[in-house]
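# Coordinate inspection notes
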Amino acid sequence: RKPKKFPPGPKWFPIIGCAWQFHKLHQKMGLISKASEELALKYGPLVGVRIGCTRIVFVYGLRATQELLTRDDFQNRPDGIFYTSRTWGKRRGLMFVESEFWRKQKQFVLKQLGFRKENMAHSIENELGGIINNLKKGIEDGNGEGFFQMDDLFGVPTLSALWTLMVGYEYAKDEKEMEALEVIVKDMFGNSRLIGGLFDQFPFLRYICPNYCGYNEYININGKLTTFIKKTVDKLKETYNSNATRGFIDSYLHVLNSEEKAESFSEDQLVAIGLDLFFAGYETTSKTLSLAFLFMLLHPDIKKKAQEEIDKVGTILSGNLRGVILTTDAGWEDPKIFNPERFIKNGRLSIPKNFMGFGLGKRRCVGESLAKTHMFLIFTELLHTFNFEAIPTDPPIAEFRDGFVPTLRPFRGKITLR
Ligand code: HEM
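Residues numbered from 1 in each chain as written. Predicted model: local features only at pLDDT ≥ 70, side-chain atom pairs only at ≥ 80, totals over all residues. Heavy atoms only, no water.

### Re the sheet that holds strand E3 (residues 146-149)
Put simply, the rule is: For two strands to be treated as a pair, DSSP must find at least two bridges joining them. Numbering of helices and strands starts at the N terminus; helices are DSSP runs of H or I of at least 4 residues and strands are runs of E of at least 2. Each axis is a line fitted through C-alpha atoms, and for a helix only the stretch in contact is used; angles between axes span 0 to 180 degrees, taken between their N-to-C directions.
One open sheet holds the three strands; their spatial order is E3-E9-E6, and the pairing between them is antiparallel. Two strands lie at the open edges of the sheet, namely E3 and strand E6 (386-389), each paired on one side alone. Looking at each pair of strands side by side, their axes are set apart by 35° on average, direction ignored. Note that E3 and strand E9 (residues 412-417) share four bridges and pair antiparallel.

### Remarks on the site of the ligand
Defined as follows: A single heavy atom is enough: if one lies within 4 Å of a molecule or strand, its residue is considered near that molecule or strand. A 3.5 Å cut-off defines polar contacts: any pair of N or O atoms within that distance qualifies, except that in protein one atom must be a possible hydrogen donor and the other a possible acceptor, and neighbouring residues in sequence count only when both atoms are side-chain atoms. For this scheme, ten residues count as nonpolar: Ala, Val, Leu, Ile, Met, Phe, Trp, Tyr, Cys and Pro. Four count as charged, namely Asp, Glu, Lys and Arg, and the remainder, Gly too, count as polar.
In the vicinity of the ligand, 23 residues are found, and the nearest of them are Arg-77, Trp-102, Lys-106, Arg-363 and Cys-365. A distance of 2.9 Å is found between an oxygen atom of the ligand and a side-chain nitrogen or oxygen belonging to Trp-102. Between the ligand and Ala-280 there is a distance of 3.5 Å, counted from a nitrogen atom to a backbone nitrogen or oxygen. Mapped by element, the contributors of at least two residues to the shell around the ligand are helix H5 (99-115), helix H14 (267-298) and helix H17 (368-385). Of the residues forming the shell around the ligand, the biggest block, six residues, is contributed by H14. In terms of residue class, the shell around the ligand is built from 13 nonpolar, seven polar and three charged.

### Side note on the packing of helix H7 (residues 155-167) against H14
Rules: The cut-offs work like this: below 35 degrees is roughly parallel, past 145 is roughly antiparallel, 65 to 115 is roughly perpendicular, and the gaps in between are oblique. Crossing handedness follows the turn of the near helix against the far one: under a right angle anticlockwise gives a left-handed crossing, and clockwise gives a right-handed one. The contact criterion used is simple: two residues touch if any of their non-hydrogen atoms lie within 4.5 Å.
Close contact between H7 and H14 brings their axes to 9 Å; oriented N to C, the two are set at 150°. Between H7 and H14, the angle falls in the class roughly antiparallel. Judged by the twist between their axes, the crossing of H7 over H14 is right-handed. Each of Gly-155, Thr-158, Leu-159, Leu-162, Trp-163, Leu-165 and Met-166 in H7 lies in contact with H14, whose residues at this interface are Gly-274, Leu-277, Phe-278, Gly-281, Tyr-282, Thr-285 and Ser-286.

### Considerations on the packing of aromatic side chains
As a reminder of what qualifies: Classification of ring pairs uses Phe, Tyr and Trp, with its six-membered ring standing for Trp, and accepts pairs whose centres are within 6.5 Å; under 30 degrees between planes counts as stacked, over 60 as edge-to-face, and the remaining range as tilted. A simple rule labels every residue: compare its accessible area, found with a 1.4 Å probe on the protein chains alone, to the largest value its type can have, and call it buried under 20%, exposed over 50%, or partly exposed in between. Only when the NZ of Lys or the CZ of Arg is both within 6 Å of the ring centre and within 35 degrees of the ring normal is a charge said to sit over the ring.
In this structure the tally under the stated criterion is 21 aromatic pairs. Centre to centre, the rings of Phe-82 and Tyr-83 are 5.2 Å apart; their planes meet at 85°, and the pair counts as edge-to-face. Pair check on accessibility: Phe-82 and Tyr-83 agree, each one buried. Arranged with centres 5.8 Å apart and planes meeting at 65°, the rings of Phe-108 and Phe-248 form a pair that is edge-to-face. Placement of the pair is Phe-108 in helix H5 and Phe-248 in helix H13 (residues 248-257), with a sequence separation of 140 residues. Both residues of the pair, Phe-108 and Phe-248, belong to the buried class. What links up through ring pairs into an aromatic cluster is the set Phe-82, Tyr-83, Phe-96, Phe-199, Tyr-215 and Tyr-218. Between the NZ or CZ atom of Lys-2 and the centre of the ring of Trp-12, over which it lies, the distance is 5.2 Å. In this structure, Arg-363 is placed above the aromatic ring of Trp-102, and the distance from its NZ or CZ to the ring centre is 4.2 Å.

### Focus on the coordination of the iron atom of the ligand
Our working rule: Atoms of type N, O and S within 2.8 Å of a metal are treated as its donors, and for Na, K and Ca the window is 3.2 Å; water is not considered, so some sites may appear to be missing partners.
A lone protein donor contacts the iron atom of the ligand, and this donor is Cys-365 (SG), found at 2.3 Å. You can see Cys-365 is positioned in the loop between strand E5 (348-349) and H17.

### Comments concerning a nonpolar patch on the surface
Put simply, the rule reads: Exposure above 30% relative accessible area and no salt bridge define the residues that can form patches, which grow by joining like charges within 9 Å and nonpolar side chains of Val, Leu, Ile, Met, Phe, Trp and Tyr within 5 Å. The accessible surface values rely on the Shrake-Rupley method and a 1.4 Å probe; as for residues, cover is taken only from the protein chains in view. Each reported salt bridge corresponds to a side-chain nitrogen of Lys or Arg within 4 Å of a carboxyl oxygen of Asp or Glu.
Together, Phe-13, Ile-15, Ile-16, Trp-20, Phe-204, Tyr-207 and Ile-208 make up an exposed nonpolar region whose accessible area comes to about 820 Å². Tracing the backbone through its elements, the reader meets Ile-208 in helix H11 (residues 205-208).

### Notes on the nonpolar core
Heads up, the rule is: Note on terminology: a nonpolar core comprises buried Ala, Val, Leu, Ile, Met, Phe, Trp, Tyr and Cys residues joined through side-chain atoms within 4.5 Å.
Judged by nonpolar contacts, the single largest core of 105 residues is most densely connected at Trp-163, Leu-225, Phe-278, Phe-293, Leu-382, Phe-388 and Ile-415. If we skip the residues at most four places from it in the chain, Phe-293 touches Met-150, Phe-154, Phe-379, Leu-382, Leu-383 and Phe-388.

### Looking at the pattern of salt bridges
Across all of its chains, the model carries 27 salt bridges by this definition. In this structure, Arg-91 engages Asp-79 in a salt bridge whose closest nitrogen and oxygen atoms are separated by 3.8 Å. A residue pair is termed long-range when its members are at least 10 positions apart, and Arg-91 in the loop between helix H4 (81-84) and H5 and Asp-79 in the loop between helix H3 (62-70) and H4 qualify at twelve residues. For Asp-268, the salt bridge goes to Lys-90, with nearest N and O atoms at 3.0 Å. You can see Asp-268 sitting in helix H14 and its partner Lys-90 sitting in the loop between H4 and H5, a full 178 residues away along the chain. You can call Lys-90 partly exposed: its relative accessible area is 33%. Through salt bridges with shared partners, a single ionic network connects Lys-230, Asp-234, Lys-237 and Glu-267.

So, in structure tokens, the structure goes:
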């Protein structure tokens with residue numbers, strides 16, 4: 001039954017709510033975001049739906065979204081088996097927790113990420129050396145031309161940056177560990193049912209058909225990553241030294257070993273934060289980079305301008321990079337047209353207040369600074385060193401499918417040395 005004052009939306013039926021109508025609309029429009037946009041055109045900026053047991057309000061448009069992100073009474077997060085079954089039936093981590101527990105943990109994570117900024121930049125630069133060598137080798141093998149799966153280029157460096165953040169630079173050199181992590185994370189994100197599986201909307205299905213409704217798969221892949229992080233924590237504990245700090249895990253262990261630690265700190269919570277950092281940081285960053293290069297292939301004129309500015313090296317550089325990466329329909333003209341120069345005013349970077357790529361308010365992204373440094377260094381260095389072109393017989397197409405973040409259709413590009 002609809003609660004009083006619940007926003008308007010499609011008619012609800014017993015048990016399924018409006019799951020069927022929404023499923024049909026989703027199929028027609030291709031993406032959840034487009035389906036909800038269609039509903040907003042019909043019902044207004046707030047649309048109330050019920051998919052099985054889950055009541056959802058879609059919020060559409062700049063004003064409503066800003067209000068959603070900044071109002072204190074919207075800072076809580078949903079509860080339910082989808083959010084807790086990955087963390088031993090408890091609410092743990094950062095993304096799906098709230099109140100004092102969340103505040104304390106977020107404060108700690110933000111501080112630690114701030115401390116590690118410089119170290120992270122060094123480790124990304126190192127990683128970059130690896131990517132450049134691989135690309136150069138591919139180009140050499142192809143007699144001056146390399147043909148690469150572009151959407152595959154950025155996963156490993158992103159993972160490596162997050163891994164270094166967690167364990168510290170020296171420990172992260174262990175290639176075997178990194179390879180094992182790569183297999184788990186790729187499996188995790190390759191799994192399209194990771195988000196909003198049927199069992200989330202119809203929780204009873206996990207008792208009737210746990211395979212079909214995606215429950216077993218969800219538990220299995222999350223379990224692999226939590227086990228991996230837990231084992232890493234155990235290994236780091238063996239060589240733990242209270243006077244030295246290798247990475248985030250060590251810093252957290254310092255707190256666990258101190259007398260005055262707050263109640264919310266625990267080893268389970270440490271593992272859950274690791275899970276959330278990989279979950280929230282891996283796809284977002286690697287796919288934004290893929291998207292930036294997709295636009296470079298599709299808009300050679302803008303790519304050329306970006307390269308010219310990188311060659312000049314100056315403050316304008318960061319402006320253009322950010323302009324290239326930041327695209328959203330948050331309220332400027334022709335949002336669907338790729339025009340990074342809209343963010344440059346009188347030769348300087350000018351990000352509109354409406355830009356919400358990293359969220360707004362208290363729930364704002366903790367990895368913003370790391371992600372920006374990572375994307376900036378990789379994007380500029382690769383554009384500086386190589387030329388990227390579309391392959392005429394296999395042109396890239398800017399088409400997305402749903403995922404934790406919108407996922408690009410796989411695309412290839414031709415890379416040559418500049
Ligand atoms: C291009 C890259 C990234 C984008 C676009 C992005 C975007 C966002 C957005 C929009 C939010 C707010 C979600 C909300 O309002 O609930 C968020 C939260 C979050 N992000 Fe990011 N993010 C990126 C990279 C990262 C990285 C690299 C990390 C980890 C180091 C990370 C960790 C998190 C966490 C833990 C939260 C939850 C914060 C909270 O609930 O208080 N993100 N991110």
